[in-house]
Amino acid sequence: MQEVVAPIMSGDLANRLERLLPNGRGVWIPMDHGLSGYPEKGLDRMDSVIDSVINARADAIVCHKGVLSQQYARTGFTKFVCHVSASTAHGGENSQFKVKIGNASEALSRGAVGVSGQINLGDENESEMIREMGELTSEAHEVDMPVLGMVYPRGPNLMALPNDITGGVAHAARVAYEMGCHVVKVPWTGNAESFRKVCEAVPIPVLISGGPSNGSFDETLEIVRYAMSAGGAGVCMGRQVFGAEDPFTCVHALRKIVHDE
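Together, Leu35, Val99 and Ile101 give the surface a local cluster of nonpolar side chains, amounting to about 190 Å² of exposed area. Residue placement: Val99 occurs in strand E5 (residues 99–100).

Shown next, in the form of structure tokens:
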């Protein structure tokens, strides 16, 4: 991650960002997957999973606004991030076209301290997702809310440059940064050398996604170690946590690496 020079940040924004990323690092658990497709392992026991994640001291939980309202009222947890991008598996050729279904003010009123939006680079509807992310960062700026940009280089029109060893991931991080996001979530690039290029591309914290829930969690932890050594700021990891038999232990293990506990 590049050094941030003289950032302009209000007190509310700085405090909210520090709450979600203490000392610039974070273990974030996204649980927005149920809107995209359901059944989804783990999300059928949402209350118990969220309780486990909170008790294990996750730094943030990312979810859609309906879940946010219910879980904020139930738990009083003060580190929710509201995801406002949505599509479902039934959308055919538009299944990866994320549309904006909320705004920053609404998220704040429902109990969130941050908002999250998604762009899929290379999708046929990439330009619309970029436009809506711009709306989100502008709205968030007005109410001093941090913005997480989930940006993935995954569409059919993706054109990774021949000299780009990150496969478009560095560009994805750069898109989030230049659009005004305060944190970016991107996929793992496969090795520490290429992921370092991603972290060097932006002066904002870079979180890695967990990807599919195949493979062992020990292998996932090893990837997290590599990512942190390359300049990463932590994880934004869903299925591998909420779909596990023991989410508490997963979050605890991630915290040991991310926060040097």
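Here we have eight strands rolled up into a closed barrel, ordered E1-E2-E3-E6-E7-E8-E9-E10, and parallel in their pairing. Each strand of the sheet is rotated relative to its neighbour by a mean of 25°, with strand direction disregarded. Against the sheet, helix H6 (residues 126–143) makes contact with strand E6 (114–121) and strand E7 (147–153), and its axis sits at roughly 160° relative to E6, the strand it touches most.

Among the structural elements, Ile101 can be located in the loop between E5 and helix H5 (104–110). The exposure class assigned to Ile101 is partly exposed, which follows from its relative accessible area of 31%. Through-space distance from the C-alpha of Ile101 to that of Val84 is 5.3 Å; in sequence the pair is 17 residues apart. Contacts of Ile101, omitting those with residues within four sequence positions, involve Leu35, His64, Lys65, Val84, Ala86 and Glu106.

Given two aromatic rings, their pairing is described by the distance between the two centres and the angle made by the two planes. With the rule as written, the count across this model stands at two aromatic pairs. An angle of 85° between the planes, with centres 5.2 Å apart, marks the rings of Phe77 and Phe80 as edge-to-face. For the pair Phe77 and Phe80, a shared accessibility class is recorded, and that class is buried. Taking the centre distance of 5.3 Å and the plane angle of 45° together, the rings of Trp188 and Phe195 count as tilted. Like Trp188, the residue Phe195 is buried in the burial classification. In this structure, Arg154 packs its charged tip against the face of Tyr152, placed 4.2 Å from the ring centre.

The tendency in soluble globular proteins is for nonpolar side chains to be buried side by side. Counting 67 residues, the largest nonpolar core has Met31, Val53, Val186, Phe195 and Val224 as the members making the most contacts within it. In this structure, Val81, Val113, Leu148 and Tyr152 belong to the second largest nonpolar core, which totals 15 residues.

Summed over the entire model, instances satisfying the criterion amount to 17 salt bridges. Linking Asp260 and Arg25 is a salt bridge whose minimum nitrogen-to-oxygen distance equals 3.3 Å. Pair noted here: Asp260 is in the segment after helix H11 (247–258) and Arg25 is in the loop between helix H1 (11–20) and strand E1 (26–30), with a separation of 235 residues, a long-range link. Judged by relative accessible area, Asp260 falls into the exposed class, the value being 60%. Classification of Arg25 by relative accessible area gives partly exposed; the value is 28%. For Glu261, the salt bridge goes to Arg255, with nearest N and O atoms at 2.5 Å. Glu261 sits in the partly exposed class, given a relative accessible area of 40%. Taking the relative accessible area as the measure of exposure, Arg255 reaches 7% and is therefore buried. Taken together, the salt bridges that share partners define one network made up of Lys100, Glu128, Arg131, Glu132, Glu135 and Glu139.

Cut-off values and rules
- Residues numbered from 1 in each chain as written.
- Predicted model: local features only at pLDDT ≥ 70, side-chain atom pairs only at ≥ 80, totals over all residues.
- Heavy atoms only, no water.
- Patch = residues over 30% accessible without salt bridge, like charges linked within 9 Å, V, L, I, M, F, W, Y side chains within 5 Å.
- Areas by Shrake-Rupley, 256 points an atom, 1.4 Å probe, with all protein chains shown as cover.
- Salt bridge = Lys/Arg side-chain N within 4 Å of Asp/Glu carboxyl O.
- Helix = DSSP H or I, 4+ residues; strand = E, 2+ residues; numbered from the N terminus.
- Pairing = 2+ DSSP bridges.
- Axes fitted to C-alpha atoms, helices over the stretch in contact; angles between N-to-C directions.
- Contact = heavy atoms within 4.5 Å.
- Buried < 20%, exposed > 50% of the residue type's maximum accessible area, 1.4 Å probe, protein only.
- Phe/Tyr/Trp six-rings, centres within 6.5 Å; stacked < 30°, edge-to-face > 60°.
- Lys NZ or Arg CZ within 6 Å of the ring centre and 35° of its normal.
- Core = buried A, V, L, I, M, F, W, Y, C linked by side-chain atoms within 4.5 Å.

Interpretation note: all reported values are geometric properties and have no functional meaning in isolation.
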